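Spelled out from the first residue to the last, the chains are:
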Amino acid sequence: MGRNHPPLPARRDRPRCAPWPLRARLGSEAIRVLAQRLFDQGHHRITIDPAAANHRAIHVYEKLGFRRVGILRDYEQGPDGTWHDGLLMDLLKGELKSELK
Ligand SMILES: CC(C)(COP(=O)(O)OP(=O)(O)OC[C@H]1O[C@@H](n2cnc3c(N)ncnc32)[C@H](O)[C@@H]1OP(=O)(O)O)[C@@H](O)C(=O)NCCC(=O)NCCS
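The present account deals with the structure reproduced in this document. These figures come from a predicted structure and were not determined experimentally.

### Observations regarding the pairing of strand E3 (residues 83–92)
Point 1. As defined by bridge partners, strand E1 (residues 45–48) adjoins E3 across four bridges and the pair is classed as antiparallel. Opposite Thr47, over in E3, you have Asp90 as the bridge partner.
Point 2. With seven bridges connecting them, strand E2 (residues 67–77) and E3 associate as antiparallel partners. Counted as the bridge partner of Glu76 is His84 from E3.
Point 3. Connecting E2 to the antiparallel partner E3 that follows it, the hairpin turn spans five residues, and Gly81 within it adopts a positive phi of roughly 95°.

### Focus: the sheet that holds E1
Point 1. Reading across from one edge, E1-E3-E2 is the order of the three strands in this open sheet, with antiparallel pairing throughout. Here the strands that pair on one side only, and so sit at the sheet edges, are E1 and E2. Recorded for the sheet is a direction-independent mean angle of 25° between the axes of neighbouring strands.

What counts, and where the lines are drawn
- Residues numbered from 1 in each chain as written.
- Predicted model: local features only at pLDDT ≥ 70, side-chain atom pairs only at ≥ 80, totals over all residues.
- Pairing = 2+ DSSP bridges.
- Helix = DSSP H or I, 4+ residues; strand = E, 2+ residues; numbered from the N terminus.
- Axes fitted to C-alpha atoms, helices over the stretch in contact; angles between N-to-C directions.

In C-alpha cells, the structure reads:
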C-alpha cells in the first residue's frame, strides 16, 4: 500500500508540530458529530464514563452538554492493580450543544 510514497525524512528533519492548527478541537467535534448521529438514529440518552481524574475528557463532555450523574467508586483497575473512580455522565436529546465555543 505505501510503496509509492516517498520515504519519511529522518526523524530529526520532521516537523516538530502538528500540521493542523493548535486548538483545532478535533476530539470535541468528533464526539459532537457522533452524539448527533446517535440522536438522529433515535437514541434519546447517551451515557459516558470517563475516569474521574480525566479532567480533559470531562471538560470536553461538559462543553458538549453532558452532565455529571455521580462518582462510580473504584470503577476501573490500573495496570499496577490500584482502583480508580469513574464519573458517570449523561446527555439527553436536546441538550447537545451544537456551537462549540
Ligand atoms: C478526550 C478526547 C477525546 C478529547 O479530544 P481532544 O481533541 O483532546 O479535545 P479538544 O482539543 O477538542 O478540546 C480539549 C479541551 O480540553 C481542555 N483541556 C485540556 N487539558 C485539560 C485539563 N487537564 N483539564 C481540563 N481541561 C483541559 C482544553 O482547553 C480544551 O477546552 P476548550 O476547547 O474549552 O479550550 C481526547 O483527548 C482523547 O482521546 N483522549 C485520550 C483518551 C481519552 O481520554 N478518552 C476518553 C475516555 S472516556
